[in-house]
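# Observations on chain architecture
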Amino acid sequence: MNSFSPPDSQDSSTMKTILFPILGLVTLAATSAYHDTSGPYVDSQGGVWNVLPSPDDYPSYAAFDARFAQEVFTTRDGNRFQLDRKLSPVEAANNQAKQQLQQGFFNAQGSGNNVRAAVSTNNPVDEEFRALYPSIADVKAYIVGKVNIADASMKTKWGIDMVPTKGALWDSADTADIVGLLDEAYREHGLAGTDMMHAWSADSTSGGAIGVAYIGWPRLLIKKYLSFEGNILEHEIGHTYTLQHCCDGNCTMQSVLDTGALGGFHNYVENCSNQNHTSVMNAQKNRY
Amino acid sequence: MRTSGWRAGCLAGGALLLAGACGKAESVDDAGGLLWETPELPGPVTVEVNGRAVDPVLIHGFLLPLWTEHGAQQAAAGAQPTAESFFTAPQELFTPLVRGIVLLQEAEARWPDLPAAEVDHLQAEMAANTGEVLAALERRIGAAGVRAHVERELRKRLILEAFGAEAPEVTEDQVFARYEEMMAEVEDPALLLQMGINFSTLAPQIRADLERSAAVAAQEAWIDLQMPAARVQVGLPGRGIVRW
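Because the structure is predicted, anything quoted here is derived from the model rather than measured.

Cut-offs applied
- Residues numbered from 1 in each chain as written.
- Chains lettered and ligands numbered in written order.
- Predicted model: local features only at pLDDT ≥ 70, side-chain atom pairs only at ≥ 80, totals over all residues.
- Helix = DSSP H or I, 4+ residues; strand = E, 2+ residues; numbered from the N terminus.
- Buried ≥ 20, exposed ≤ 12 C-beta atoms within 10 Å, placed from the backbone.
- Contact = placed C-beta atoms within 7 Å.
- Pairing = 2+ DSSP bridges.
- Axes fitted to C-alpha atoms, helices over the stretch in contact; angles between N-to-C directions.
- Expected span 1.5 Å × (residues − 1).
- Core = buried A, V, L, I, M, F, W, Y, C linked by C-beta atoms within 7 Å.
- Parallel < 35°, antiparallel > 145°, perpendicular 65-115°, else oblique.
- Nonpolar A, V, L, I, M, F, W, Y, C, P; charged D, E, K, R; others polar.
- pLDDT = per-residue confidence, 0-100.

## A short note on the overall build of chain B
In terms of regular secondary structure, chain B is built from nine helices and five strands. Out of the 244 residues belonging to chain B, those deemed buried represent 31%. Summarising the internal contacts of chain B: among those between residues at least 6 apart in sequence, 72% fall at separations of at least 24.

## A short note on the overall build of chain A
A tally of helices and strands in chain A yields nine helices and 10 strands. Expressed as a percentage of its 288 residues, the buried residues of chain A come to 51%. Of the contacts made within chain A by residues no fewer than 6 positions apart, 66% connect residues no fewer than 24 positions apart.

## Some remarks on the pairing of strand 7 (residues 160–170) of chain A
Along a regular strand, successive side chains alternate from one face of the sheet to the other. Taking burial as the measure, the 11 residues of strand 7 of chain A include 10 buried ones, the bulk of the element. Note that strand 6 (residues 117–126) of chain A and strand 7 of chain A share 10 bridges and pair parallel. Residue pairing in the sheet places A:P124 in a bridge with A:A168 of strand 7 of chain A. For strand 7 of chain A and strand 1 (residues 34–37) of chain B, the ladder comprises three bridges, and the chain directions are antiparallel. The residue bridging A:G167 from the neighbouring strand is B:W36, located in strand 1 of chain B.

## Notes on the sheet that holds strand 2 (residues 46–49) of chain B
Residues and elements named next belong to chain B. Across the sheet, four strands lie side by side as 3-2-4-5; this open sheet has antiparallel pairing. The sheet is open, and its two edges are formed by strand 3 (52–53) and strand 5 (240–243), each paired on a single side. Relative to strand 5, strand 4 (residues 232–236) runs antiparallel, the two sharing four bridges. Residue pairing across strands places G235 opposite I241, the latter belonging to strand 5. Sheet strands touched by helix 4 (residues 90–110): strand 2, strand 3, strand 4 and strand 5. Its angle to strand 2, the strand with the most contacts, is close to 50°.

## Quick look at the environment of A:I222
All names here are of chain A. By the element assignment, I222 lies in strand 10 (residues 219–223). For I222, a count of 30 C-beta atoms within 10 Å gives the class buried. Placed 11 residues apart in sequence, I222 and L233 show a C-alpha to C-alpha distance of 6.3 Å. With sequence-adjacent residues up to four places away left out, I222 is seen in contact with H198, W200, G211, E229, I232, L233 and E236.

## Re helix 8 (residues 229–240) of chain A
Residues and elements named next belong to chain A. Here helix 8 spans 16 Å end to end across 12 residues, near enough to the 16 Å set by a 1.5 Å rise per residue. Burial analysis of helix 8 places 12 of its 12 residues in the buried class, which makes it a mostly covered element. Turning to helix 8, its buried residues are E229, G230, N231, I232, L233, E234, H235, E236, I237, G238, H239 and T240.

## Some words on the sheet that holds strand 9 (residues 209–213) of chain A
In a beta sheet, neighbouring strands pair by backbone hydrogen bonds and run either parallel or antiparallel. Strand order in the open sheet made by the seven strands is 5(A)-9(A)-10(A)-8(A)-6(A)-7(A)-1(B), with mixed pairing throughout. In the strand order of this sheet, the two ends are held by strand 5 (84–85) of chain A together with strand 1 of chain B, each with one partner.

## Looking at the nonpolar core
Within the largest apolar cluster, 97 residues are counted, with the highest numbers of intra-cluster contacts made by A:V119, A:L182, A:V212, A:L221 and B:V133. For this core, the element with the most residues is helix 6 (residues 132–166) of chain B, which contributes 11 residues. B:V133 has contacts with A:V119, A:M154, A:I160, A:M162 and A:I237, leaving out every residue within four places of it along the chain.

## Quick look at unusual backbone geometry
Of note, the amide linkage connecting A:G39 to A:P40 takes the cis form, showing an omega dihedral of 5°. Its location among the elements puts A:P40 in the loop between helix 2 (25–34) and strand 1 (41–42). Of note, the amide linkage connecting B:G43 to B:P44 takes the cis form, showing an omega dihedral of 0°. Here B:P44 shows up in the loop between strand 1 and strand 2. One non-glycine residue, A:N107, lies in the positive phi region at around 45°.

## Focus on the packing of helix 4 of chain B against helix 6 of chain B
All names here are of chain B. Where helix 4 meets helix 6, the closest approach of the two axes is 9 Å, and the angle between their N-to-C directions is 85°. Classified by the angle their axes make, helix 4 and helix 6 are roughly perpendicular. Taking contact as the criterion, the partners of L103, L104, E106, A107, E108 and R110 in helix 4 are, on helix 6, R152, R155, K156, L158 and I159. Class assignment of the residues belonging to the contact of helix 4 with helix 6 gives a composition of five nonpolar, no polar and six charged.

## Quick notes on the pairing of strand 8 (residues 196–201) of chain A
Residue and element names in this part refer to chain A. Of all the six residues making up strand 8, six are buried; the element is thus mostly covered by neighbouring parts of the structure. The alternating pattern of strand 8 places M196, H198 and W200 on one face and M197, A199 and S201 on the opposite face, and all of these are buried. Of the strand pairs in this sheet, strand 6 and strand 8 are connected by three bridges, and their pairing is parallel. For T121, the partnering residue across the bridge sits in strand 8 and is M196. As paired strands, strand 8 and strand 10 are joined by five bridges and run parallel to one another. Counterpart to H198 in the pairing with strand 10 is L220.

## Describing the confidence of the model for chain B
Residues and elements named next belong to chain B. On average, residues of chain B score 86 in pLDDT, and 86% of them reach the 70 mark or higher. The model gives residues 1–31 a pLDDT under 50, and that stretch makes 45 contacts with residues more than four places away or in other chains. Scored as a whole, the predicted complex attains pTM 0.78, and scored at its interfaces, ipTM 0.78.

## Points about the environment of B:G142
Residue and element names in this part refer to chain B. Inspection of the secondary structure puts G142 in helix 6. Exposure remark for G142: the 13 C-beta atoms within 10 Å place this residue in the partly exposed category. Spatially, the C-alpha atoms of G142 and W67 are 23 Å apart, while their sequence positions differ by 75 residues.

Structure, rendered in structure tokens:
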């Protein structure tokens, strides 16, 4: 057991350990009943988490960050991920102001942008997300708009266009944690013949997380969160290719979302992630 | 929100010994329908500009977003997208691609041989910034396709830089004027200042943005001059060859 768990997580783990010999599978079944999860999750120090930690369980966001900003969890299937937490009210206000500022840049495109390659995406959208919009056309328009935000730097700088070619009606499970939601979306919808899966959810059971991606797999999940889904998408894309949280103020992979860092990735060995994105990516490319 | 069927089943049965079986994945059939689906891009489509065939990766990359958008428009009108509805006006449809190819051909003429080290560097940088997206692209078009993509991107950068060098210089007054415009558009500029975001921190980014705009304007003006002489041949499904 880890010594860092918030009360509900560690207590439930401890209780389970005590009760297990007595109640055996009863405890397992009851746990399953309350959480559709890909846990228990194991942190980098071997600590076991039946419930993902949330900032709400900690005295401050700073305390949460001190413990989890760089933490990497592993699911029971061996998939690794980091926690992308919700923002504090002050952070949210700051990010909204930065986002408005970013919108002021011209980002001139030019005809060179018409010479590009396209990557197709499958987009499962859950019922809570869909319910926020009056029609399917509105859902699609919203998602395309958010993909375009994440896509803007991708297209302008790298000539790659992410295209939402498919959208799927996804009925997300009750009481799933965010990693459970990602697994469910992939299990039920997957790539569906496209290159990547971007799942969209407004489910309220995320445990204080706003997005998740498995490190090294072409699948991710974005929560409906203020107006920041485009930034969340870009951040999660970084995770899919093994990028981990950094502390550089210009880096889009900061553990706390920063809308002012859209399109920014560091290209040197950075202290928090201990990664140089370029070398990491080169190593990862050999997987294919 | 729904309760997961298989988990509910596990509980309802009270069959604790079936806990292992409860881990099975839900059927795809249970997952519901499609919100939208873009049919396969109609093909084959071929494009030649000034007598040279355009890489199918570029034709696909150009057409797929437009085809997806066309599909949405047709769906809103209660119709299916078809090759006929999509290729109604080929010249209008393909002109943006032709403009890009004219630019690329000029870049290839100016920089026929690219230093391998520069291509390697850009490819590494691209991989670092695009992550699984580039990997997904590589799975579809292969390593050679990605290499060709990187070379095109490098040439596009070089030629934009060349046009930028010819563009009028951006002055400090222009940078400051743009800064004031941008701050006027923000609801709470005081909040940005409080965060340490001010003219001195933003000036380099604003300057780069203005310089890029000037370079793009010069580049587009050059393409405008070339377009009347461009010879284009497009092969379309069911339409044969269209030339202009």
